[in-house]
Amino acid sequence: DVLHYHLAMPRLYADAHGFPPLPYVQVSGHRSFAQSVSTMAFLLEGERLASLIIVFMNLLLPCLLFAGSRRRLSPRAGAIAAMLVLSMPVYVGCVGLPLADCITALLAEAALFAFVGWVETREVRWFVLASVLAGFAAGAKWNGLLLLPVLLLLAAGVVVRSRGARWNPMMLAA
């Protein structure tokens with residue numbers, strides 16, 4: 001994946017200063033959020049920066065899980081959650097590689113924490129943030145699309161359960 005399109009496609013886009021049609025590359029029509037970030041990094045500095053940004057985002061995953069779980073549950077729960085992620089062979093195997101899997105998980109996790117913020121406060125800005133992050137997760141990899149209907153169903157359930165609540169026009173736009 002890394003050599004085929006996670007770094008190769010952004011390099012081609014950066015060299016062309018755009019998104020040219022590449023009919024000889026099967027995945028060239030599936031541009032993702034991670035590839036866009038890598039393309040920007042290639043334009044600014046090159047392959048090292050592109051790899052470094054994605055690896056940095058991969059390292060943020062257990063940090064965000066620790067911080068969010070610590071805030072919502074307890075410091076012990078945050079430490080356990082982060083340690084579980086850090087001990088998973090799948091995570092350990094891909095943390096140093098510029099893959100889109102950990103980025104999708106990071107964005108989905110951030111969207112879920114923002115959604116919980118909306119449930120707790122009912123402030124529309126949390127719902128908009130959750131929607132934007134879920135959109136980025138969907139844009140990072142196809143399996144990130146699963147988060148959008150889940151959040152929409154959860155939001156509908158929250159609105160239905162709280163009798164006086166109504167859909168805000170900003171929430172519908174998000």
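On a predicted model such as this, the values are computed, not experimentally measured, just so you know.

### Digging into the pattern of salt bridges
So, step 1. Inspection of the entire model under this criterion finds one salt bridge.
So, step 2. Between arginine 125 and glutamate 123 there is a salt bridge, and its shortest N-O distance comes to 2.6 Å.
So, step 3. For arginine 125, a relative accessible area of 59% translates into the label exposed.
So, step 4. Accessibility expressed as a relative area gives 31% for glutamate 123, which makes it partly exposed.

### Points about the nonpolar core
So, step 1. Counting 31 residues, the largest nonpolar core has Phe115, Trp118 and Leu147 as its most contacted members.
So, step 2. Listing elements by their share of this core, those giving two or more residues are helix H4 (47-72), helix H5 (75-87), helix H6 (89-94), helix H7 (101-121), helix H8 (124-140) and helix H9 (147-161).
So, step 3. With 11 residues, H7 is the single largest residue contributor to this core.
So, step 4. In contact with phenylalanine 115, not counting residues within four places along its chain, are Phe127, Ala130, Leu151, Leu154 and Ala155.

Parameters at a glance
Residues numbered from 1 in each chain as written. Predicted model: local features only at pLDDT ≥ 70, side-chain atom pairs only at ≥ 80, totals over all residues. Heavy atoms only, no water. Salt bridge = Lys/Arg side-chain N within 4 Å of Asp/Glu carboxyl O. Buried < 20%, exposed > 50% of the residue type's maximum accessible area, 1.4 Å probe, protein only. Core = buried A, V, L, I, M, F, W, Y, C linked by side-chain atoms within 4.5 Å. Helix = DSSP H or I, 4+ residues; strand = E, 2+ residues; numbered from the N terminus. Contact = heavy atoms within 4.5 Å.

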